[in-house]
Amino acid sequence: MRLTFNINAPKINTPQRRNKLFDLLVAMNVPAVVVFENLGIAREIQALLSPDAIVVHRSFGDSEGWKTTTPSDMVNKQIHEQYNGIYDYGINEPGPDDRFSWEDIVRFEVERIQYASEHGQRIMVLNVGPALIERQVIANGVFDPVLRKLAEHPEHLLATHEYTSVFRIMGTGVAGMGNCEWERRENFQFPWPGADVVARAPRFHVRSTDHLIARNTELGLPTPRVFLTEWGWDRMPDHELAACGNLFTPLTERFGVSRGHELIRGHDTLANVYEWYFPDLPFEEVLFQQIVWEEAIQPAHVIGWAWFMWGPGDEQWDRRFGFDMSTYDTLHARLIEFAGQQPLVSAPPTLPEDASTAPTSAPLPPPPTATPTPEPPDDNERTSPGQP
């Protein structure tokens with residue numbers, strides 16, 4: 001199983017929470033993990049997991065590194081702090097502005113890959129935001145230098161983020177299952193279309209990384225390993241600005257926002273909405289079915305996806321956004337059970353080229369018998385879950 005977690009390590013601050021997290025990671029045999037702002041916990045997790053597992057440490061101070069530091073300084077910090085095989089997350093959701101172009105950002109990452117390789121460090125590359133890169137920019141070759149450099153140094157991973165709104169399949173562009181069809185409840189019932197159908201869809205959010213990989217194939221390069229370092233549910237701006245109207249306005253008016261949250265955004269804000277679509281399925285089972293579907297439709301070069309996030313943020317942040325899933329005990333049990341049924345996932349340095357489009361097979365298991373149950377913030381704010 002390739003699902004893993006973004007861990008808000010400053011809030012893993014009680015023995016109970018720590019033991020619960022560590023037991024879950026081991027029981028799921030996660031292939032990778034992202035740890036926020038605590039290198040000590042990252043080292044403990046590294047010691048717990050398989051030697052092949054990828055542990056990533058994220059320092060929020062590096063998020064805009066292409067603006068504030070140099071590639072060598074960023075890697076030197078990694079060396080000074082003794083990452084010792086732990087990957088550095090690096091920059092976060094870069095994008096062009098009036099001072100920096102995509103070419104500047106790509107140049108920064110190419111230099112960081114080279115310097116890290118020369119000094120025995122391992123890194124995540126780009127961490128580009130969901131659907132942030134226009135396809136014409138990819139076609140124009142702007143990202144070719146970083147793809148070529150990754151081919152030279154396959155010990156590093158291409159990192160991207162894949163969020164979407166409400167249902168994971170809404171982010172694929174599969175006909176009849178988009179944001180404009182949200183009222184067609186019957187269209188969203190499980191089972192969902194498989195990898196062959198998704199591969200023919202536009203893939204605006206979910207599997208949007210495919211478009212970078214397609215360019216990589218055009219260049220004749222070996223397929224890089226990809227880690228979705230942020231993954232899950234969010235309030236996507238294009239679903240607010242769609243020609244058919246703001247998706248979240250009718251959902252909020254009809255169903256409200258669940259569990260005391262302020263607006264429909266993260267997964268925990270969706271319980272009321274899901275009850276309308278699936279009155280006979282518990283909320284956590286609806287999440288689980290989507291996770292299993294994702295396992296079936298993501299290509300084999302995607303070594304994992306880190307659900308944002310495990311552990312609470314500060315109280316105000318949690319109330320607004322609803323991203324914490326650390327209390328989902330029923331879902332955790334389902335994930336452990338499902339992980340035990342899957343082949344072990346490893347993350348080799350390279351993959352054969354014919355593996356680049358092959359999905360990992362993971363048929364949807366039947367749900368358990370269920371008892372029927374009678375102004376938005378900046379998208380980037382999810383990167384600041386709060387301090388302890």
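Our structure's up above, just so we're on the same page.
Residues numbered from 1 in each chain as written. Predicted model: local features only at pLDDT ≥ 70, side-chain atom pairs only at ≥ 80, totals over all residues. Heavy atoms only, no water.

Asker: Please clarify how helix α1 (residues 15-28) should be interpreted in this entry.
Answerer: In an α-helix there are 3.6 residues to a turn, and that puts residues three or four apart on one side. The end-to-end C-alpha separation of α1 is 20 Å, in line with the 20 Å expected for 14 residues at 1.5 Å each. Within the sequence span of α1, burial applies to L21, F22, L24, L25 and M28. The buried side chains of α1 occupy one side of the element, clustering within an arc of 160° when seen end-on. In this structure, α1 carries P15, Q16 and D23 as exposed residues pointing more than 90 degrees from its buried face. Buried-residue contacts for α1 involve β1 (3-7), β2 (32-36), α2 (39-48), β8 (302-310) and α15 (329-341). Remark: N29 follows α1 within two positions and exhibits a positive phi of approximately 50°. (Helix = DSSP H or I, 4+ residues; strand = E, 2+ residues; numbered from the N terminus. Expected span 1.5 Å × (residues − 1). Buried < 20%, exposed > 50% of the residue type's maximum accessible area, 1.4 Å probe, protein only. Arc of directions from axis to C-beta. Contact = heavy atoms within 4.5 Å.)

Asker: Even after reading the chapter, I still don't get the environment of T164, so can you show me in this structure?
Answerer: Structurally, T164 is set in strand β6 (residues 157-164). Among the residues examined, T164 registers a relative accessible area of 0% and is labelled buried. Sequence separation between T164 and F204 is 40 residues, and the spatial gap between their C-alpha atoms is 8.9 Å. Residues within four places of T164 in sequence aside, it is in contact with M170, G171, H205, V206, G232, W233, D234, M236 and H239. Polar contacts involving the side chain of T164 include one to the main-chain amide nitrogen of G171, which spans 3.2 Å. (Polar contact = N/O pair within 3.5 Å; in protein donor to acceptor, adjacent residues only side chain to side chain.)

Asker: Hey, could you run me through the pairing of strand β3 (residues 54-58) in this one?
Answerer: Across the 5 residues of β3, 5 count as buried, placing the element largely inside the fold. Burial along β3 is two-sided: I54, V56 and R58 and V55 and H57, pointing in opposite directions, are all buried. Pairing between β2 and β3: 5 bridges, direction parallel. Considered in β3, the bridge of A32 is made with I54. (Pairing = 2+ DSSP bridges.)

Asker: Sorry if this is basic, but what is going on with the packing of α1 against α2 here?
Answerer: Between two packed helices, the angle of one axis relative to the other and the distance separating the axes together describe the packing. At a minimum axis distance of 10 Å, the contact between α1 and α2 shows a crossing angle of 40°. Where α1 crosses over α2, the two elements pack in a sense that is right-handed. On α2, the residues touching R18, F22, L25 and V26 of α1 are I41, E44, I45 and L48. Class assignment for the residues of the contact of α1 with α2 results in 6 nonpolar, no polar and 2 charged. (Axes fitted to C-alpha atoms, helices over the stretch in contact; angles between N-to-C directions. Left-handed = near helix turned anticlockwise from the far one by under 90°. Nonpolar A, V, L, I, M, F, W, Y, C, P; charged D, E, K, R; others polar.)

Asker: Explain the side chain of R265 to me, please; I cannot follow it from the model alone.
Answerer: Assignment of secondary structure puts R265 in the loop between α11 (248-255) and α12 (271-277). The buried category is assigned to R265, whose relative accessible area is 2%. A distance of 2.5 Å separates the side chain of R265 from the side chain of D234, its partner in a polar contact.

Asker: Sorry, what's going on with the state of the cysteines here?
Answerer: Each disulfide is one covalent bond, formed between the sulfur atoms of two cysteines. Counted by the stated rule, this structure contains 1 disulfide. A disulfide bridge connects C180 with C244, and the sulfur atoms are separated by 2.0 Å. Because the sign of the S-S torsion sets the handedness, a value of about -80° for the bond joining C180 and C244 places this disulfide among the left-handed ones. With C180 in the loop between β6 and α8 (195-199) and C244 in the loop between α10 (237-240) and α11, the pair connects residues that are 64 residues apart, well separated along the chain. The class of C180 is partly exposed, set by a relative accessible area of 44%. The exposure class of C244 is partly exposed, given its relative accessible area of 44%. (Disulfide = S-S within 2.5 Å.)

Asker: Sorry, what's going on with the sheet that holds strand β5 (residues 124-128) here?
Answerer: The pairing of strands in a sheet happens through backbone hydrogen bonds and is either parallel or antiparallel. In spatial order, the strands read β4-β3-β2-β1-β8-β7-β6-β5; together these 8 strands make up an open sheet with parallel pairing. One side of each edge strand has no neighbouring strand; the edge strands of this open sheet are β4 (87-88) and β5. Where β6 and strand β7 (residues 226-233) come together, 7 bridges link them in parallel fashion. If you follow E162 over to β7, its bridge partner there is W231. Here helix α5 (residues 102-118) sits on the sheet in contact with β4 and β5, set at roughly 155° to β5.

Scope: geometric values only; no functional claims are made or implied.
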